[in-house]
Amino acid sequence: MTKTQVMFTFPQELIREPIIYSLGHQFKIVTNIRRADVTENRGWVVLELEGEEKDIEQGIAWVTSKGVRVDPVVGDVVEG
Amino acid sequence: MSYARALRCRKCGQEYPLQPLNRCDFCLSPLEVSYDYKAMARGLSREELAAGPRSMWRYRDMLPVEGEEVDIGTGFTPLVKADNLGRELGLDRLYIKNDCLNPTYSFKDRAVSVAVSKAREFGFDTVACASTGNLAASVAAHAAKAKMRAYVFVPSDVEPGKLVGAAIYDPILVKVDGSYDDVNRLCTEVAKRYSWGFININLRPYYAEGSKTLGYEVAEQLGWRAPDCVVAPAASGLLFTRIWKGLDELAMLGLIEPVNTHMYIAQAAGSSPIVNAFNAGSLHINPVTPDTIVKSIAIGNPADGHYALMVARQSGGGACAVDDEEAIAGVQLLAQTEGIFAEAAGGVVVGVLRKLAASGVIKRGELTVASITGAGPRTQEVLTDIVRPFAVQPTIESVEESIGALVRSA
Ligand SMILES: Cc1ncc(COP(=O)(O)O)c(C=O)c1O
Ligand SMILES: [Zn+2]
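Conventions used here
Residues numbered from 1 in each chain as written. Chains lettered and ligands numbered in written order. Predicted model: local features only at pLDDT ≥ 70, side-chain atom pairs only at ≥ 80, totals over all residues. Heavy atoms only, no water. Helix = DSSP H or I, 4+ residues; strand = E, 2+ residues; numbered from the N terminus. Rg over C-alpha atoms; globule rule 2.2 N^0.38 Å. Buried < 20%, exposed > 50% of the residue type's maximum accessible area, 1.4 Å probe, protein only. Contact = heavy atoms within 4.5 Å. Areas by Shrake-Rupley, 256 points an atom, 1.4 Å probe, with all protein chains shown as cover. Lys, Arg positive; Asp, Glu negative; His and termini not counted. Charge placed at Lys NZ, Arg CZ, Asp CG, Glu CD. Domains from an automatic or database assignment. Buried area = accessible area lost by both parts, 1.4 Å probe. Near = heavy atom within 4 Å. Polar contact = N/O pair within 3.5 Å; in protein donor to acceptor, adjacent residues only side chain to side chain. Nonpolar A, V, L, I, M, F, W, Y, C, P; charged D, E, K, R; others polar. Core = buried A, V, L, I, M, F, W, Y, C linked by side-chain atoms within 4.5 Å. Salt bridge = Lys/Arg side-chain N within 4 Å of Asp/Glu carboxyl O. Pairing = 2+ DSSP bridges.

### Side note on the overall build of chain B
- Secondary structure assignment for chain B yields 15 helices and 13 strands.
- Over its C-alpha atoms chain B spans a radius of gyration of 21 Å, differing by no more than 12% from the 22 Å that the globule rule assigns to 410 residues.
- Judged by the C-alpha coordinates and their principal axes, chain B covers about 75 × 50 × 45 Å.
- Looking at chain B as a whole, 59% of its 410 residues are labelled buried.
- In chain B, of all internal contacts separated by at least 6 residues, the share reaching a separation of at least 24 is 69%.
- With the model as given, the accessible surface of chain B reaches about 16,400 Å², and the carbon-plus-sulfur share is 51%.
- Placing the 41 positive and 46 negative side-chain charges of chain B at their respective mean positions leaves the two points 5 Å apart.

### Here's the deal with the domain arrangement of chain B
All names here are of chain B.
- Per the domain assignment, the segments making up chain B are domain 1 (4–62 + 108–207) and domain 2 (79–105 + 211–386).
- Just the C-alpha atoms count here: the centres of domain 1 and domain 2 sit 21 Å apart.
- Taken together, the contacts link 38 residues of domain 1 with 39 residues of domain 2.
- Summed over both sides, the interface of domain 1 with domain 2 buries roughly 3,500 Å², with 51% coming from carbon and sulfur.
- Looking at the side of domain 1 facing domain 2, the largest losses of area belong to Arg 46, Tyr 59 and Arg 110, adding up to 21% of the total buried there.

### Quick look at the site of ligand 1
All names here are of chain B.
- Near ligand 1, the surroundings consist of 17 residues, among which Asn 134, Ala 235, Ser 236, Leu 239 and Thr 373 are the closest.
- For ligand 1, an oxygen atom lies 2.6 Å from a polar atom in the side chain of Ser 236.
- Within the contact set of ligand 1, an oxygen atom lies 2.8 Å away from a backbone nitrogen or oxygen of Leu 239.
- When isolated, ligand 1 has an accessible area of 390 Å², and the protein chains bury 99% of it.
- The residue inventory of the shell around ligand 1, partitioned by class, reads seven nonpolar, seven polar and three charged.

### Observations regarding the nonpolar core
All names here are of chain B.
- Formed by 58 residues in total, the largest nonpolar core has its most connected members in Met 40, Met 62, Val 127, Val 139, Met 148, Ile 199 and Tyr 207.
- Tallying contributions element by element places helix H4 (residues 108–121) first for this core, with six residues.
- Inspection of this core shows a minimum of three residues originating in each of domain 1 (4–62 + 108–207) and domain 2 (79–105 + 211–386).
- When residues no more than four places from it in sequence are discounted, the contact partners of Ile 199 are Val 112, Ala 115, Val 116, Val 127, Ala 128, Cys 129, Leu 135, Val 139, Arg 204 and Tyr 207.
- Among the nonpolar cores identified, the runner-up in size contains 36 residues, and Leu 89, Ile 96, Cys 229 and Ile 297 belong to it.

### So, the interface of chain B and chain A
- Between chain B and chain A, the contact holds 39 residues from the first and 22 residues from the second.
- With both chains or domains summed, chain B and chain A bury close to 2,500 Å², and 52% of this area falls on carbon and sulfur atoms.
- Linking chain B with chain A are two salt bridges.
- For the pair chain B and chain A, the number of links is 23 residue pairs in polar contact (both at pLDDT 80 or more).
- Here the residues of the side of chain B that touches chain A are counted per class, giving 17 nonpolar, 16 polar and six charged.

### Observations concerning the sheet that holds strand S8 (residues 172–176) of chain B
Residues and elements named next belong to chain B.
- One open sheet holds the four strands; their spatial order is S8-S7-S6-S9, and the pairing between them is parallel. Strand pairing shows two members of the sheet lacking a second neighbour, S8 and strand S9 (197–198), which therefore form its edges.
- Pairing geometry for strand S6 (residues 126–130) and strand S7 (residues 149–155), over five bridges, is parallel. Residue pairing for S7: Thr 126 is matched across the bridge by Arg 149.

Next comes the structure, spelled out in structure tokens:
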């Protein structure tokens, strides 16, 4: 089991879809939301994903394929 | 002894002991070093600070370091009155803080000096970072001085001069073949796997504090006062927040009057998530994929972007971006007016300064400090077509033929 902290950014058309719910169900990932905000045209959620490395990888790939942007919570690690 | 007492979550206030840790367990927000300012204030005076070494370590008591520092001679860089540039831009009281003149040619030495000192205190024998060049050189140099091992990860498209600038200190250099996102993802994993002092991950709260010294120096060099305006570049946003914190702390400690400085963020248009959020009136930074030649500040998902944004807003400052062409024009203007050869990030600062002055956001009479954070010679490839010498034979006739008209017209 491993834990990963990520930020999802949802475009407007995906805000109403239960993507985080589906992520938990389809990929055997425990999702744990820490911070979030949704406005009329965008939403973001900071959450922790816990599961097998392979499941998390596939889950993130699926979320990305739906059109959600996935970024590490720590921000970009590569600096100037 | 330092006055640092805990790591504190910037969002929820949760406190943690001083350890190698970057994020709050609860809300995953960044942690920051907090101090016992009451005790600090008792031990500090202008006179004592002014009598300290001519380096960033004159402010040692305001930094979170307990043991001996790892110092390669960083800080107390010149603050020069930039009258020529000021005349070009319409600013009467313009100063340049020239951080090109640090040992590895960028302000990063400030941050890294503190981070590597802490790494040694925490008992790490290895430090690491992922960088497009400036941080890489600084980490490698400090590791050499501290006799520690350094792993430095760089993207494969790093400028050759920046590679040499890091390689000379003999770190273990790892060049990652992949997109910007790939390099980021890989380095996040690397940091999890190995128990190293990762300069901008688990050591980040300490790394951040080093940059405060830029703010301290500016105030001291102005005769113990804060400027009216500061323009500084932002990548992750950390430096920008710490210049502010530095000024704010001096006021809190009674060393300067209350601060009323307007803080302006400068970014490259091809990577300007913080400027975008400022202009949209949003408090949240939407990540972008960087596309600019100003690689040293090309961060798409800035770890401290939100906090930099808050500083710009709360200080009555702003945020502004310029494109690559304007950045290069800025590099040239700075060199040709003040004799300072900055890297493209400095050109961004000058370009932004030009815009802010032209639109009257920064007023002619305001005491303004432009923060020039890195030197130009390592990234010469961004400057095309500037070397156009007159080729002559070694005879005076040839010289006369070639530049005679020019000499007479001067
Ligand atoms: C020359 C230069 N200026 C400014 C910055 C911005 O630093 P920060 O990540 O603290 O915003 C960097 C580093 O990334 C840099 O290399
Ligand atoms: Zn917290």
